[in-house]
Amino acid sequence: QVQLVESGGGLVQAGGSLRLSCVASISIFSINRANWYRQSPGKQRELVAGITSDGSTVYADSVKGRFTVSRVNAEKKVYLQMNSLKPEDTAVYYCNADLQIGPLSYPRGYWGQGTQVTVSS
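Residues numbered from 1 in each chain as written. Predicted model: local features only at pLDDT ≥ 70, side-chain atom pairs only at ≥ 80, totals over all residues. Heavy atoms only, no water.

J.: Which residues make up the pairing of strand E9 (residues 91-100), and what values do they have?
T.: Buried residues dominate E9, accounting for 9 of its 10 residues. Pairing of strand E4 (residues 30-39) with E9, which is carried by 8 bridges, proceeds in the antiparallel orientation. Bridging across to E9, Asn-35 finds its partner in Asn-96. In the sheet, E9 pairs with strand E10 (residues 108-111) via 4 bridges, with the strands oriented antiparallel. When the bridges of E10 are listed, Leu-99 appears paired with Arg-108. (Buried < 20%, exposed > 50% of the residue type's maximum accessible area, 1.4 Å probe, protein only. Helix = DSSP H or I, 4+ residues; strand = E, 2+ residues; numbered from the N terminus. Pairing = 2+ DSSP bridges.)

J.: Tell me about the nonpolar core, and name the residues and values.
T.: Core analysis: the biggest nonpolar cluster contains 30 residues, and Trp-36, Leu-80, Met-82, Tyr-93 and Leu-99 have the highest contact counts within it. Of all elements in the fold, only strand E3 (18-24), E4, strand E5 (46-51), strand E7 (67-72), strand E8 (77-82), E9 and strand E11 (115-120) reach the threshold of two or more residues within this core. Per-element accounting of this core gives the leading share, 5 residues, to E9. The residues touching Leu-99, leaving out its near neighbours within four places in the chain, are Val-2, Leu-4, Ala-24, Ile-28, Ser-30, Ile-31, Tyr-106, Pro-107, Arg-108 and Tyr-110. (Core = buried A, V, L, I, M, F, W, Y, C linked by side-chain atoms within 4.5 Å. Contact = heavy atoms within 4.5 Å.)

J.: Pulling in residues and values, what's your account of the side chain of Asp-98?
T.: Looking at where Asp-98 falls in the secondary structure, it is placed in strand E9. Those residues in contact with Asp-98 that sit more than four places away from it in its chain are Ser-30, Ile-31, Asn-32, Arg-33, Pro-107, Arg-108 and Gly-109.

J.: Can you break down the pattern of salt bridges residue by residue, with the values?
T.: Two side chains with opposite charge may pair up if their charged atoms get near one another. Applying the stated criterion across every chain, the model contains 5 salt bridges. A salt bridge links Arg-38 to Glu-46; the shortest N-O distance between them is 2.7 Å. Classification of Glu-46 as partly exposed rests on a relative accessible area of 34%. Through salt bridges with shared partners, a single network forms among Arg-38, Glu-46, Arg-66 and Asp-89. (Salt bridge = Lys/Arg side-chain N within 4 Å of Asp/Glu carboxyl O.)

Right under this line is the structure:
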């Protein structure tokens, strides 16, 4: 069964950096558009950043200038570089992407199980 797997979360002090990665659990043909979401206790899941297959990006206002979403198509990976982290960035971060399993497959959306990011003050 295909899954998205996130990694790179952890505990960091305010002002620090983390880099999250997202990759499919099996070999796939391509990752199309991909988004990073986050959810903290008692809050709704929110879009943090997104990137299309041609590299166009979008960011939540709260992370503009601090976070950078990128992709390496040859590796079929998506990244979220998070700099100048703040305590309010503490959340579980989820990868969501349209995966094309094979060259003739129709892209389908998948979610990862999330990775915890904790920023201490």
